[in-house]
Amino acid sequence: MQSTTVGYKLIKKIRDDRFDEDNIHQYDLLIQFGVRDLQLGIVDSTDNRFLFFEDYVLGDLSSHEELLELFKVLFESHPLLQAGFWKSVKVSLKNSKYVQVPAALFIESAAADYLKFNAQVEPDKEDILYCRNSGIDAITVFAIQKDLHAWLNSLYTNTAVQL
């Protein structure tokens, strides 16, 4: 368990007995970033079994830069997060900068315009991305801080990061 003096604290950890670090190549890594917390999950892609979960609460931070530095410290000290051979890495963000657009109406070049309906966008600091939600036939357009996006892509060079 991590001390709160480093800015984060592990509050929940669940590990299935079938989790095997030697099989990372067949596991999907799930990461959910928030401004006050971070969750990690590992799923065995062969049978969709959830094998590992950790929930962290983050200390009070005053800027995005401090938050990113805290994420870097946590990742550097974690025995699994910097492994490079995951089957996939899937990232979700807890923020209010998103909008869902019916797939039939979505125009890629207008992604930033859709997002402006719901959120104030900072194009110099944020990347505007989108992903398809096939279950509801919609496209989710969202913003991610450019430095967080670049850092994630630099961490997992052997696997495409799905946002």
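Description of the structure in this document. Because the structure is predicted, anything quoted here is derived from the model rather than measured.

What counts and what doesn't
Residues numbered from 1 in each chain as written. Predicted model: local features only at pLDDT ≥ 70, side-chain atom pairs only at ≥ 80, totals over all residues. Heavy atoms only, no water. Helix = DSSP H or I, 4+ residues; strand = E, 2+ residues; numbered from the N terminus. Expected span 1.5 Å × (residues − 1). Buried < 20%, exposed > 50% of the residue type's maximum accessible area, 1.4 Å probe, protein only. Arc of directions from axis to C-beta. Pairing = 2+ DSSP bridges. Contact = heavy atoms within 4.5 Å. Axes fitted to C-alpha atoms, helices over the stretch in contact; angles between N-to-C directions. Polar contact = N/O pair within 3.5 Å; in protein donor to acceptor, adjacent residues only side chain to side chain. Phe/Tyr/Trp six-rings, centres within 6.5 Å; stacked < 30°, edge-to-face > 60°. Salt bridge = Lys/Arg side-chain N within 4 Å of Asp/Glu carboxyl O.

## Side note on helix α1 (residues 64-77)
An ideal rise of 1.5 Å per residue puts 20 Å on 14 residues; α1 measures up with 20 Å between its terminal C-alpha atoms. Among all positions of α1, only Leu67, Leu68, Leu70, Phe71, Leu74 and Phe75 are buried. For α1, the angular spread of buried residues about the axis comes to 160 degrees, placing them on one side.

## Comments concerning the sheet that holds strand β5 (residues 88-93)
Either a parallel or an antiparallel arrangement is found when strands of a sheet pair, and the pairing is made through backbone hydrogen bonds. Taken in spatial order, the six strands make up an open sheet running β1-β4-β3-β2-β5-β9, and their pairing is mixed. For this open sheet the edge positions go to β1 (8-15) and β9 (161-162), each flanked by a neighbour on one side alone. Across seven bridges, strand β2 (residues 27-33) lies against strand β3 (residues 37-44) in antiparallel orientation. Bridge assignment links Tyr27 to a residue of β3, and that residue is Asp44. Helix α3 (residues 146-155) rests against β2, β5 and β9 of the sheet, and its axis sits at about 160 degrees to β2.

## Notes on the side chain of His78
Topologically, His78 is positioned in the loop between α1 and β5. Under the relative-accessibility criterion, His78 is labelled buried at 8%. A distance of 3.0 Å separates a polar atom in the side chain of His78 from the backbone nitrogen of Leu80. Within polar-contact distance, the side chain of His78 engages the backbone nitrogen of Leu81 at 3.4 Å. Excluding its chain neighbours within four sequence positions, the residues that come into contact with His78 are Leu40, Glu54 and Tyr56.

## Side note on the packing of aromatic side chains
The way to describe two aromatic rings as a pair is by their centre distance and the angle between their planes. Tallied over the full model, the rule gives nine aromatic pairs. For the pair Phe106 and Tyr130, a centre-to-centre distance of 4.8 Å together with 55 degrees between the ring planes defines the contact as tilted. Placement of the pair is Phe106 in the loop between β6 (98-102) and α2 (111-115) and Tyr130 in strand β7 (residues 126-133), with a sequence separation of 24 residues. In this structure Phe106 comes out as buried when scored by relative accessible area, which is 16%. Its relative accessible area of 36% is what places Tyr130 among the partly exposed residues. In this structure an aromatic cluster arises from ring pairing among Phe33, Phe71, Phe75 and Trp151.

## Some thoughts on the pattern of salt bridges
In total, this model carries 10 salt bridges according to the counting rule given. Its salt-bridge partner being Lys13, residue Glu54 comes within 3.5 Å of it at the nearest N-O pair. Of this pair, Glu54 sits in strand β4 (residues 49-58) while Lys13 is found in strand β1, placing the two residues 41 residues apart along the sequence. For Glu54, a relative accessible area of 3% corresponds to the buried category. Ionic pairing is found between Asp127 and Lys146, a salt bridge with its closest N-O pair at 3.9 Å. With Asp127 in strand β7 and Lys146 in helix α3, this pair connects stretches of sequence that are 19 residues apart. A residue is classified by how much of its surface remains accessible, and Lys146, at 33% relative accessible area, is partly exposed.

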